[in-house]
Amino acid sequence: MEVQVLAHDGKNLKFVLSGTTPAFANAVRRAVMLEVPTMAVDEVDFIVNDSIMNDEILAHRLALIPLRTPDGYLLPEECTCEDKRCPKCSVTLTLKKRGPALIVSGDLESSDEEVVPVSDSIPIVRLGEGQRLELVAIARLGRGKDHAKWQPGVISYKYMPTIDVDEKLCNACGKCVEACPRSLLKLSGEHLVVEDLERCNMCKNCVEACPKGAIEVGYDPTKFIFRVESSGAMPPEKIIEKAAEILEGKSKEFVGKLRNLYGGGSQVWSKAQR
Ligand SMILES: [Zn+2]
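Residues numbered from 1 in each chain as written. Predicted model: local features only at pLDDT ≥ 70, side-chain atom pairs only at ≥ 80, totals over all residues. Heavy atoms only, no water.

The next subject is the coordination of the zinc ion. Taken together, Cys 79 (SG), Cys 81 (SG), Cys 86 (SG) and Cys 89 (SG) make up the full set of protein donors to the zinc ion, lying 2.2 to 2.3 Å away. Angles of 99 to 113° at the metal separate the four donor atoms of the zinc ion, which places the site in the tetrahedral class. Motif for the zinc ion, donor spacing along one chain: C-x1-C-x4-C-x2-C. Linking Cys 79 in the loop between α2 (55–63) and β4 (90–98) with Cys 89 in the loop between α2 and β4, this pair joins segments that are 10 residues apart in sequence. Here the two residues Cys 79 and Cys 89 agree in accessibility, since each one is buried. (Donors = N, O, S within 2.8 Å, 3.2 Å for Na, K, Ca; no water. Tetrahedral: all angles 85-135°; square planar, octahedral: opposite > 155°, others 65-115°. Helix = DSSP H or I, 4+ residues; strand = E, 2+ residues; numbered from the N terminus. Buried < 20%, exposed > 50% of the residue type's maximum accessible area, 1.4 Å probe, protein only.)

Quick look at the structure:
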């Protein structure tokens, strides 16, 4: 297996994963979307709400504000505290404002300076003259499989395209160069060259444009182009790292369960291992 980074800007990551299978690529995708824990508002205590929005809508809006997620917090089910509001498993975000004002994510005051909204300018609600809003929001770690508010970002992958040119048939007429909507094909003397292959969307316009039938477009089932866009909760490479750790943990758990099933180092298990 090999990883090659194509682009990285702190929030977005594009990389090629080669020498693997579609099943593994999909396992990584699913682990990112469903399993990597992030912080999100999970409960809100309203003290005063004079705004035009009811408590439920405001709570929903607060929950969808992406929060920076450092290491070290426990998932509620891992924490031994009773109300799941201790500093090990939760962060408190407080807000106290009087109108007229536009309340934004930056108005939330966090009990942990590392767990703050990824942007200060996400609108929550507008307060009219004299209206007040006072609340305490509890953020906890959670997983995307329970609610989309806990997804660390979005991830997708596609097969690496392949463009094969039969040099014996190609007469460098240039029709494919004109037909390609992404301008990936270039003529270099008498040779056709492909640039930025990963940008190919496999439309096959080049195949149809070639009068000699010299071009074949396909894909490599062992090579995948991944795109990860973080919500800002954590850097995209950390999302992938955590997903890989989760997959590793699940595999170890599976092997452990199998061992128990076959009674540890019994003959049956030894046989199964072979
Ligand atoms: Zn706790």
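Next, the rest of the story.
Time to look at the pairing of β4. Where β4 meets strand β8 (residues 132–142), nine bridges bridge the pair, whose relative direction is antiparallel. Its bridge partner lying in β8, Ser 90 is registered against Arg 140. One ladder, built from two bridges, connects β4 with strand β6 (residues 109–110); its direction is antiparallel. Within β6, the position partnered with Leu 93 by the bridge is Ser 110. (Pairing = 2+ DSSP bridges.)

Within the structure shown, the criterion is met by five aromatic pairs. Ring centres of Phe 15 and Phe 226 lie 5.0 Å apart, and the angle between their planes is 5°; this geometry places the pair in the stacked category. Of the two residues, Phe 15 is situated in strand β2 (residues 12–18) and Phe 226 in strand β12 (residues 215–230); the sequence distance between them amounts to 211 residues. For the pair Phe 15 and Phe 226, one class covers both residues: buried. Arranged with centres 5.2 Å apart and planes meeting at 40°, the rings of Tyr 157 and Phe 226 form a pair that is tilted. Within this pair, whereas Tyr 157 is found in strand β9 (residues 153–165), its partner Phe 226 is found in strand β12, the two being separated by 69 residues in sequence. (Phe/Tyr/Trp six-rings, centres within 6.5 Å; stacked < 30°, edge-to-face > 60°.)

It is worth spelling out the pattern of salt bridges at this point. Across all of its chains, the model carries 16 salt bridges by this definition. Each of Asp 42, Glu 43, Asp 45, Arg 85, Arg 140 and Lys 149 takes part in one network of salt bridges that share partners. (Salt bridge = Lys/Arg side-chain N within 4 Å of Asp/Glu carboxyl O.)

In this section: the sheet that holds β2. The sheet built from four strands is open, its strands ordered β1-β2-β12-β9 with antiparallel pairing. Two strands lie at the open edges of the sheet, namely β1 (2–8) and β9, each paired on one side alone. Each strand axis lies, on average, 30° off the axis of its neighbour in the sheet, ignoring direction. Note: β1 against β2, six bridges, orientation antiparallel. What sits directly across from Val 5, in β2, is Phe 15. This element, helix α1 (residues 22–34), spans β2, β9 and β12 of the sheet and lies at about 155° to β9. Those strands touched by helix α5 (residues 236–261) are β1, β2, β9 and β12, and its axis lies near 45° from that of β2. (Axes fitted to C-alpha atoms, helices over the stretch in contact; angles between N-to-C directions. Contact = heavy atoms within 4.5 Å.)

With antiparallel pairing, the four strands of this open sheet are ordered in space as β3-β8-β4-β6. Only two strands of the sheet have a single neighbouring strand rather than two, namely β3 (38–49) and β6. Each of β3 and β8 touches α2; the most contacted strand, β3, lies at about 150° to it.

Our next topic: α5. An ideal rise of 1.5 Å per residue puts 38 Å on 26 residues; α5 measures up with 38 Å between its terminal C-alpha atoms. All buried positions along α5 are accounted for by Pro 236, Ile 239, Ile 240 and Ala 243. At the C-terminal side of α5, Gly 263 shows a positive phi close to 70°. (Expected span 1.5 Å × (residues − 1).)

These results come straight from atomic positions and should not be treated as a statement about function.
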